[in-house]
Amino acid sequence: FKSPIIDTINSWHLECVPCPYMGQCYPNSKLACTSDYKVSSPLLWSIFGLIPTFNECIIDSDKLRIMKKIIDLTLDVLAFRNANVKCGQGSDNEVGLQWNQIVEFVSDKLDLNPNDELFAYYWSKAHASIVGKPQLVFTNAGIVRSHSNSRMSWKCQIQTSLLNIVYRFRYYLV
């Protein structure tokens with residue numbers, strides 16, 4: 001017995017969906033994403049799982065937010081130290097910090113738990129990002145220092161400006 005309805009139903013078949021970028025697909029439509037991504041399944045479109053939808057890998061915004069805080073605070077601390085030690089004219093040893101001191105200080109400020117499984121991950125990603133910053137210098141002795149004067153006090157800014165004026169007009173003043 002051949003029915004047009006059964007033929008129509010049999011002709012419907014789902015095409016395989018390619019595995020999303022930064023994901024690993026497993027049998028039974030299981031999806032796992034790489035470390036910087038998380039699985040996103042659109043619950044609203046699937047009516048909370050009643051209709052199958054295609055999951056995708058999206059960037060994990062929580063990890064990015066924490067790494068941004070780590071990087072920003074590290075740059076801020078190093079710029080503040082540089083600006084307030086001899087108005088930005090201090091030596092590397094006076095101004096800079098060892099990397100483990102930075103990790104300890106920033107972790108305390110941001111309340112990061114060193115026993116957390118993502119602690120080393122956050123700091124390895126932050127270190128990779130911080131190494132490329134042009135205002136930072138990494139010395140052979142393992143000291144990291146900033147050459148940024150963005151956190152310089154008004155007193156230091158005025159003092160530096162006056163010294164620059166005197167230096168510029170030194171021949172006229174003698």
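Preceding this section is the structure that the text describes.
The structure displayed is predicted, hence computed values, not measured ones.

What counts, and where the lines are drawn
Here the residue index of a chain counts from 1 through its sequence in written order. Only residues with pLDDT of at least 70 get local features here, since the model is predicted, and only at 80 or more are side-chain atom pairs given and counted; chain-wide, interface and lining totals rely on the full set of residues. Think of the side-chain values as coming from all heavy atoms in the structure, minus any hydrogens and water. Salt bridge, as applied in this entry: a Lys or Arg side-chain nitrogen positioned within 4 Å of an Asp or Glu carboxyl oxygen. Strands here are runs of E lasting at least two residues and helices are runs of H or I lasting at least four, both read from the DSSP assignment and numbered beginning at the N terminus. Note on exposure labels: buried denotes an accessible area under 20% of the residue type's maximum, exposed denotes more than 50%, and partly exposed covers the range between, all computed with a 1.4 Å probe on protein chains only. Simply put, an axis is a line fit to the C-alpha atoms, just over the touching stretch for a helix, and the angle between two N-to-C directions goes from 0 to 180 degrees. Crossing handedness: left-handed means the near helix sits turned counterclockwise from the far one by under a right angle, and right-handed means the same turn made clockwise. Contacts between residues were defined by any pair of non-hydrogen atoms, one from each residue, lying within 4.5 Å. Just so you know the grouping, Ala, Val, Leu, Ile, Met, Phe, Trp, Tyr, Cys and Pro go in nonpolar, Asp, Glu, Lys and Arg go in charged, and all remaining residues, Gly too, go in polar. At least two bridges found by DSSP between two strands are what make those strands a pair. Geometry of aromatic contacts follows a simple scheme: Phe, Tyr and Trp rings, the Trp one being its six-membered ring, pair when their centres are within 6.5 Å, and the pair is stacked under 30 degrees between planes, edge-to-face over 60, tilted otherwise. By definition here, charges over rings are those cases where NZ of Lys or CZ of Arg is within 6 Å of the ring centre and within 35 degrees of the ring normal.

Attention now goes to the pattern of salt bridges. This model, assessed by the stated rule, comprises six salt bridges. Salt-bridge contacts for D36 lead to K125; the nearest nitrogen and oxygen are separated by 3.4 Å. Residue D36 is located in the loop between β2 (30-33) and β3 (37-40), and its partner K125 is located in helix α5 (residues 119-131); the two are separated by 89 residues in the primary sequence. Looking at D36, the relative accessible area reads 27%, which means it is partly exposed. Between E94 and K86 there is a salt bridge, with the nearest N and O atoms lying 3.1 Å from each other. Taking the relative accessible area as the measure of exposure, K86 reaches 52% and is therefore exposed.

A pair of packed helices can be characterised by two numbers: the angle between their axes and the separation between those axes. Across the interface, helix α2 (residues 61-84) lies against helix α4 (residues 99-110) with an axial gap of 10 Å and an inter-helix angle of 120 degrees. In the packing of α2 onto α4, the handedness of the crossing is right-handed. From α2, K69, I70, L73, T74, V77 and L78 reach across to α4, where they touch I102, F105, V106, K109 and L110. When the residues that make up the contact of α2 with α4 are grouped by side-chain class, the tally is eight nonpolar, one polar and two charged.

In this section: the sheet that holds strand β7 (residues 143-146). Spatially, three strands are ordered β5-β7-β6 in an open sheet, and the strand pairing comes out antiparallel. If you trace the sheet from one side to the other, it starts and ends with β5 (97-98) and β6 (136-138), each paired once. Both β5 and β7 contribute to a ladder of two bridges, which runs antiparallel. Each residue of the ladder has a partner; that of L97, found in β7, is V144. Relative to the sheet, α2 contacts β5, β6 and β7, its axis offset from that of β7 by approximately 75 degrees.

Turning to the packing of aromatic side chains, a few remarks are in order. The tally for this structure, following the rule as stated, stands at three aromatic pairs. Measuring from centroid to centroid gives 6.1 Å for F169 and Y172, while their planes differ by 45 degrees, and the two rings are tilted. Given the relative accessible area of 69%, Y172 is considered exposed. The residue whose ring lies beneath K63 is Y121, and the NZ or CZ to ring-centre distance is 5.0 Å. The ring of Y167 carries the charged tip of R170 above its face, separated from the ring centre by 4.0 Å.

Bear in mind that shape data such as this cannot, by itself, settle questions of function.
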